[in-house]
Amino acid sequence: MRRGTTPTVTYTLPFDAGTIASAEITFSNPGGAYISKSFDEITKAGNKISVRLTQEETLRFRANSTVKIQCAIRLSSGAGIRSKIHEEPVTDALLGVPV
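Computed from a prediction, not measured in an experiment: that's the story for all the values here.

Q: Explain the overall build of the chain to me, and be specific about the residues and the numbers.
A: Helix and strand content of the chain: one helix and eight strands. When the helices and strands of the chain are read in sequence order from the N terminus, they spell out β-β-β-β-β-α-β-β-β. Its C-alpha atoms put the chain at 45 × 25 × 20 Å along the principal axes. Buried residues in the chain amount to 35% of all 99 residues. A separation of at least 24 residues holds for 66% of the contacts in the chain among residues at least 6 apart in sequence. Approximately 5800 Å² of the chain is accessible, and the part contributed by carbon and sulfur atoms is 52%. Each charge class in the chain can be summarised by its mean position, and for the 12 positive and 9 negative side chains these summaries are 4 Å apart.

Q: Any details on the nonpolar core? Residues and values, ideally.
A: Core analysis: the largest hydrophobic core is formed by 22 residues, its most contacted members being Ile25, Phe27, Ile49 and Phe61. Elements with a contribution of two residues or more to this core: strand 1 (8-12), strand 2 (20-29), strand 3 (33-37), strand 5 (48-52) and strand 6 (65-75). If you tally residues by element for this core, the top one is strand 6, at five residues. Not counting residues up to four positions away in its chain, the partners in contact with Ile25 are Tyr11, Ile35, Ser36, Lys37, Ile42, Ile49, Val51, Ile69, Gln70 and Cys71.

Q: Before we move on, could you go through the packing of aromatic side chains and cite the residues and values that matter?
A: Summed over all chains, the structure comprises zero aromatic pairs. Its end group placed over the ring of Phe39, Lys44 keeps NZ or CZ at 4.2 Å from the ring centre.

Q: Describe the pattern of salt bridges, with residues and values.
A: Tallied over the full model, the rule gives three salt bridges. What emerges from the salt-bridge pattern is a single network uniting Lys37, Glu41 and Glu57.

Q: Now, about the side chain of Gln55: what can you tell me, with residues and values included?
A: With respect to the helices and strands, Gln55 occurs in helix 1 (residues 55-59). Residues in contact with Gln55, not counting those within four places in the same chain, are Gly4, Thr5, Thr6, Pro98 and Val99.

Q: Tell me about the side chain of Asn29, residues and numbers included.
A: Structurally, Asn29 is set in strand 2. Within the structure, Asn29 has its side chain in polar contact with the side chain of Ser65 (distance 3.0 Å). Only 2.8 Å separates the side chain of Asn29 from the backbone oxygen of Thr66, close enough to count as a polar contact.

Q: Describe the pairing of strand 6, and please don't skip the residues or the numbers.
A: Bridging between strand 2 and strand 6 involves eight bridges; their strand directions are antiparallel. Across the sheet, the residue bridging to Glu24 is Ala72, located in strand 6. Pairing between strand 6 and strand 7 (residues 80-82): three bridges, direction antiparallel. Considered in strand 7, the bridge of Arg74 is made with Gly80. Taken together, strand 6 and the strand that follows it, strand 7, pair antiparallel across an intervening segment of four residues, in which Gly78 is found at a positive phi of about 100 degrees.

Conventions and cut-offs
- All chains use their own residue numbering, which begins from 1 and follows the written sequence.
- Residue-level local features of this predicted model are given only where pLDDT is at least 70; pairs of side-chain atoms are given and counted only at 80 or more, and the full residue set underlies all totals for whole chains, interfaces and linings.
- Water and hydrogen atoms play no part in the side-chain values, which are based on all heavy atoms of the structure.
- The numbering of helices and of strands both runs from the N terminus, where a helix is a DSSP run of H or I of at least 4 residues and a strand a run of E of at least 2.
- Relative accessible area decides the class of each residue, using a 1.4 Å probe on protein chains only: under 20% of the type maximum gives buried, over 50% gives exposed, and in between gives partly exposed.
- We call two residues contacting when some pair of their heavy atoms lies within 4.5 Å.
- Accessible surface is estimated by sampling points in the Shrake-Rupley manner with a 1.4 Å probe; for residues, cover comes only from the protein chains shown.
- Charged residues are defined narrowly, with Lys and Arg counted positive, Asp and Glu counted negative, and His plus the chain ends left uncounted.
- Charge coordinates come from a single atom per side chain, which is NZ of Lys, CZ of Arg, CG of Asp or CD of Glu.
- Among buried residues, the Ala, Val, Leu, Ile, Met, Phe, Trp, Tyr and Cys ones that are joined through side-chain atoms within 4.5 Å form a nonpolar core.
- When two rings of Phe, Tyr or Trp (its six-membered ring) have centres within 6.5 Å they constitute a pair, described as stacked for plane angles under 30 degrees, edge-to-face for angles over 60, and tilted for the intermediate range.
- The criterion is that NZ of a Lys, or CZ of an Arg, lies within 6 Å of the ring centre and within 35 degrees of the ring normal, and then a charge sits over that ring.
- Whenever a carboxyl oxygen of Asp or Glu lies within 4 Å of a side-chain nitrogen of Lys or Arg, that contact is scored as a salt bridge.
- Distance and chemistry together define a polar contact, namely a pair of N or O atoms within 3.5 Å, with one atom able to donate a hydrogen and the other to accept it when in protein, and with adjacent residues in sequence counting only for side-chain atoms on both sides.
- A pair of strands is treated as paired once DSSP finds two or more bridges between them.

Take a look at the structure:
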């Protein structure tokens, strides 16, 4: 993930996204950047959910580190699911401000 970009993170689910009652996708980076995207910010289509980060959000990540990403879901049946924590490398941008 490059700082100052607007990446989309997508999860492919083993069930239809229409069965989700609530969800949250969380990003954590050493040095204090903690971003959590709520159910209202998540796009749902078929068996996929996705969220897009803003330039301002990715600029909060420290360069040459990793960002940890995890999805937490509550199904309409009441069951709770969490994905494995995924680590993505963070690369720098020469211009450290939004364009």
